[in-house]
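# Tertiary structure, described
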Amino acid sequence: MSGASNLVAMKKIVQQLRFEASINRVKVSQAAADLQQFCMQNALQDPLLTGVSSSTNPFRPQKVCSFL
Amino acid sequence: MCDQTFVAITFGPCDNCAKTKPLMNIYLNNEVINYCSLCVELMACQGLEKGETVAKLKKETEALKVKLEVERNKLHDTELHKLAEKVEAVGQLNIRARRVLKGHANKVLCMDWCTDKRRLVSSSQDGKLIVWDAFTTNKEHAVSMPSTWVMACAYSPSGCAVAAGGLDNKCSVYPLSLDKNENLAAKRKPVAMHTNYVSHCTFTNSDLQVLTSSGDGTCALWDVESAQLLQSFHSHTADVLSLDMGPSETSNTFVSGGCDKKAKLWDMRSGQNVQSFETHESDVNCVKFYPNGDAFATASDDATCRFFDLRADREVAVFSKDSVMFGASSVDFSLSGRLLFAGYNDYTINIWDVLKAERVSILFGHDNRVSTVRVSPDGSAFCSASWDNTLRVWA
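If you're wondering where the values come from, they're calculated on a predicted model, not measured in any experiment.

## Regarding the confidence of the model for chain B
In the predicted model, chain B carries a mean pLDDT of 90, and 96% of its residues have values of at least 70. As a predicted assembly, this complex carries a pTM of 0.84 together with an ipTM value of 0.83.

Here it is in structure tokens:
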């Protein structure tokens, strides 16, 4: 029944939009500052970012030791 | 197939107003009701409150959409990359392909790391699931699935099972055993049942529940033991291509992205669509949470990856370049969230600086589309799966 189902669908959309419009939002500057802080705090623990040496990263090829 | 014949009364006295008119045959609760079209409209309108009409609802929809935009723009006081101007640039990265995993007979569609940071599972168009040891490149298990195009695979948090699904419309869980000779295909347990292909699946924080997304436009949460549907999530108006659970162990939200160009945030307990983001210009192929759970990134066929902040409820960065013309199929963040690895349909992987929205590096190596990119749980490496039948581990 196209009329009834359209109405039901539209009511759902209106309800959803009302809900979405009412959520609490934070300023972009605040959110961006928090993201940046998180990055900086964890940068040292990030092996792909800082590049770990071969001995600690199991995927990097080991340097061959030779006896002189 | 319908092999019964029904008698349909198309003209005659209406059940409601008793006037002789052309009738509309409708079924309510499996009973046939013959109302004239006027009575059907009146019945439908009973669901409306006093004063509502279709036109009014439409106007309200438009007004609400505009209000949503206005509210979002009120808080748009700066850009992420502007704030990050003082941050020093990412140095030269020494990332190379360290392992090449060969063994699939056809396109590798999906892969997932195990929590032990060394094993990974991959699924392929040929219907096979292979569990690899990434350090040694040995294959530990190989399972044949009942259908081809296994588009989704996931490792359980305990490492004892894998889930996979695809064109068979189901997501099945396979318990892994240490016995090499055990026939894993026989222990298959179908858990999820959709009405269209399963595009993505993941275990929630335990082995007991699986979250799936499907081409039928819905996401669903299933209990593994009983194969029961616990919660379903309806709001997308087209195929849902990807989903990602919140990173924290206590989180009960997830994001999904689909062919309706939208990315949506959901509350798992209520099934409610909490937030919706529509800035992409084409299908959203992949969604991934930022490591702190307050933001997520998306990859799309419009050749851009975008970064959305959940608390600011808007897009905060676009990762695009004129020279990047092919759709992005998959994204993942490095451990600190500073780097974004994105796999593209032009066979490359681009590494983006999330804060400055600049490309840091471009990795070549695959001979066909990159279908999935995933960073290992300890962040020491990432793996890319491709349509060239191989997987590469980069570190």
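## Things to note about the sheet that holds strand β13 (residues 198–203) of chain B
Residues and elements named next belong to chain B. Strands sit in the order β13-β14-β15-β16 across an open sheet of four strands; the sheet is antiparallel. Looking along the sheet, the strands with just one partner apiece sit at the ends: β13 and β16 (228–234). Taken over all neighbouring pairs, the strand axes of this sheet differ in orientation by 20 degrees on average, direction set aside. Of the pairings in the sheet, the one linking β13 to strand β14 (residues 209–214) comprises five bridges and is antiparallel in character. In the sheet register, Phe203 faces β14, and the bridge partner there is Val210.

## Topic: the nonpolar core
Counting residues in hydrophobic clusters, the biggest one holds 31 residues, and the most contacted among them are Leu80(B), Tyr290(B), Cys305(B), Phe307(B), Phe319(B), Val331(B) and Leu340(B). At the level of secondary structure, the elements contributing two or more residues to this core comprise α2 (28–42) of chain A together with β22 (295–300), β23 (305–309), β24 (314–319), β25 (328–333) and β26 (339–344) of chain B. Looking at this core, the element that brings in the most residues is α2(A), giving six residues. Not counting residues up to four positions away in its chain, the partners in contact with Val331(B) are Cys286(B), Lys288(B), Ala297(B), Thr298(B), Ala299(B), Cys305(B), Leu340(B), Phe341(B), Ala342(B) and Val373(B). In terms of nonpolar packing, the next biggest core, distinct from the first, is built from 16 residues, Leu339(B), Val370(B), Val375(B) and Phe382(B) among them.

## A look at the UniProt feature "repeat: WD" (unreviewed entry) in chain B
Per the UniProt record, "repeat: WD" (unreviewed entry) is found at residues 101–142, 191–232, 233–276, 277–318, 330–362 and 363–395 of chain B. Taken end to end, residues 191–232 of chain B is 0% helix and 62% strand, and its first and last C-alpha atoms sit 14 Å apart.

## A few points about α2(A)
Between its terminal C-alpha atoms α2(A) stretches 21 Å, which fits the 21 Å expected from 15 residues at 1.5 Å a residue. Val28(A), Ala31(A), Ala32(A), Leu35(A), Gln36(A), Phe38(A) and Cys39(A) are the residues of α2(A) that are buried. All buried residues of α2(A) fall inside an arc of 155 degrees around its axis, so they share one side. For α2(A), the secondary structure elements touched by its buried residues are α3 (80–83), β22, β23 and β24 of chain B.

## As for the interface of chain A and chain B
Contacts between the two partners involve 42 residues from chain A and, on the opposite side, 67 residues from chain B. Where chain A abuts chain B, roughly 4800 Å² becomes buried across the two surfaces, and 70% of that area is made up of carbon and sulfur atoms. Of all residues in chain A, Arg25(A), Leu48(A) and Phe59(A) give up the largest surface area on contact with chain B, accounting jointly for 18% of the area buried on that side. There are three salt bridges connecting chain A and chain B. When the shortest N-O distance is used, the salt bridge between Asp34(A) and Arg311(B) registers 2.4 Å. Along the contact surface separating chain A from chain B lie 12 residue pairs in polar contact (both at pLDDT 80 or more). Those elements that place two or more of their residues in the side of chain A that touches chain B are α1 (2–21), α2 and α3 (47–50) of chain A. Residue contributions to the side of chain A that touches chain B peak at 13 residues, all from α2(A). When the residues that make up the side of chain A that touches chain B are grouped by side-chain class, the tally is 26 nonpolar, eight polar and eight charged.

## Regarding the pairing of β16(B)
Residues and elements named next belong to chain B. As defined by bridge partners, strand β15 (residues 218–223) adjoins β16 across six bridges and the pair is classed as antiparallel. Paired with Leu221 across the bridge in β16 is Gln231. Here β15 folds back onto β16, and the loop between the two strands holds four residues, one of which, Ala227, carries a positive phi near 60 degrees.

## Some words on the sheet that holds strand β29 (residues 370–375) of chain B
All names here are of chain B. Strand order in the open sheet made by the four strands is β4-β31-β30-β29, with antiparallel pairing throughout. Each edge of the open sheet carries a strand with a single partner, namely β4 (97–102) and β29. Sheet twist, expressed as the average angle between the axes of neighbouring strands with direction ignored, equals 20 degrees. Strand direction decides the pairing type here: β29 and strand β30 (residues 382–386), joined by five bridges, are antiparallel. Each residue of the ladder has a partner; that of Thr372, found in β30, is Ala385.

## Comments concerning the side chain of Asp388(B)
All names here are of chain B. The topology assignment puts Asp388 in the loop between β30 and β31 (390–394). One buried charged side chain, Asp388, makes no salt bridge at all; its nearest oppositely charged neighbour is Arg392, positioned 4.4 Å away. Reaching out from Asp388, the side chain makes a polar contact with the side chain of His366 at a distance of 3.1 Å. In this structure Asp388 touches His366, Asp367 and Asn368, once residues within four positions along its chain are discounted.

## Structural notes on the packing of aromatic side chains
A full pass over the atoms with the stated rule returns 17 aromatic pairs over all chains. Consider the rings of Phe38(A) and Tyr290(B), whose centres lie 5.6 Å apart with planes at 55 degrees: the pair is tilted. You can see Phe38(A) sitting in helix α2 and its partner Tyr290(B) sitting in the loop between β21 (284–289) and β22, one on each of two chains. Judged by relative accessible area, Tyr290(B) falls into the buried class, the value being 0%. In textbook terms, an aromatic cluster arises when at least three aromatic residues are bridged by ring pairs, as seen for Phe38(A), Tyr290(B), Phe307(B), Phe319(B), Phe333(B) and Trp352(B). The ring of Trp387(B) carries Lys107(B) above its face, with NZ or CZ at 5.1 Å from the centroid. Just above the ring of Trp387(B) sits the side chain of Arg369(B); from NZ or CZ to the centre is 4.5 Å.

## Details of the pattern of salt bridges
Tallied over the entire structure, the rule returns 15 salt bridges over all chains. With a shortest N-O distance of 3.9 Å, Arg72(B) and Glu69(B) are connected by a salt bridge. Within this pair, Arg72(B) and its partner Glu69(B) are both found in helix α2 (residues 54–74), separated by three residues, close to a single helical turn. Put simply, Glu315(B) and Arg306(B) hold a salt bridge, and the shortest N to O gap is 3.1 Å. The class of Arg306(B) is buried, set by a relative accessible area of 7%. Overlapping salt bridges, with partners in common, bring together Arg25(A), Glu69(B), Arg72(B) and Asp313(B) in one network.

The rules behind each value
Residues numbered from 1 in each chain as written. Chains lettered and ligands numbered in written order. Predicted model: local features only at pLDDT ≥ 70, side-chain atom pairs only at ≥ 80, totals over all residues. Heavy atoms only, no water. pLDDT = per-residue confidence, 0-100. Pairing = 2+ DSSP bridges. Helix = DSSP H or I, 4+ residues; strand = E, 2+ residues; numbered from the N terminus. Axes fitted to C-alpha atoms, helices over the stretch in contact; angles between N-to-C directions. Core = buried A, V, L, I, M, F, W, Y, C linked by side-chain atoms within 4.5 Å. Buried < 20%, exposed > 50% of the residue type's maximum accessible area, 1.4 Å probe, protein only. Contact = heavy atoms within 4.5 Å. UniProt positions renumbered as here; feature names shortened; annotations may be inferred. Expected span 1.5 Å × (residues − 1). Arc of directions from axis to C-beta. Buried area = accessible area lost by both parts, 1.4 Å probe. Salt bridge = Lys/Arg side-chain N within 4 Å of Asp/Glu carboxyl O. Polar contact = N/O pair within 3.5 Å; in protein donor to acceptor, adjacent residues only side chain to side chain. Nonpolar A, V, L, I, M, F, W, Y, C, P; charged D, E, K, R; others polar. Lys, Arg positive; Asp, Glu negative; His and termini not counted. Phe/Tyr/Trp six-rings, centres within 6.5 Å; stacked < 30°, edge-to-face > 60°. Lys NZ or Arg CZ within 6 Å of the ring centre and 35° of its normal.

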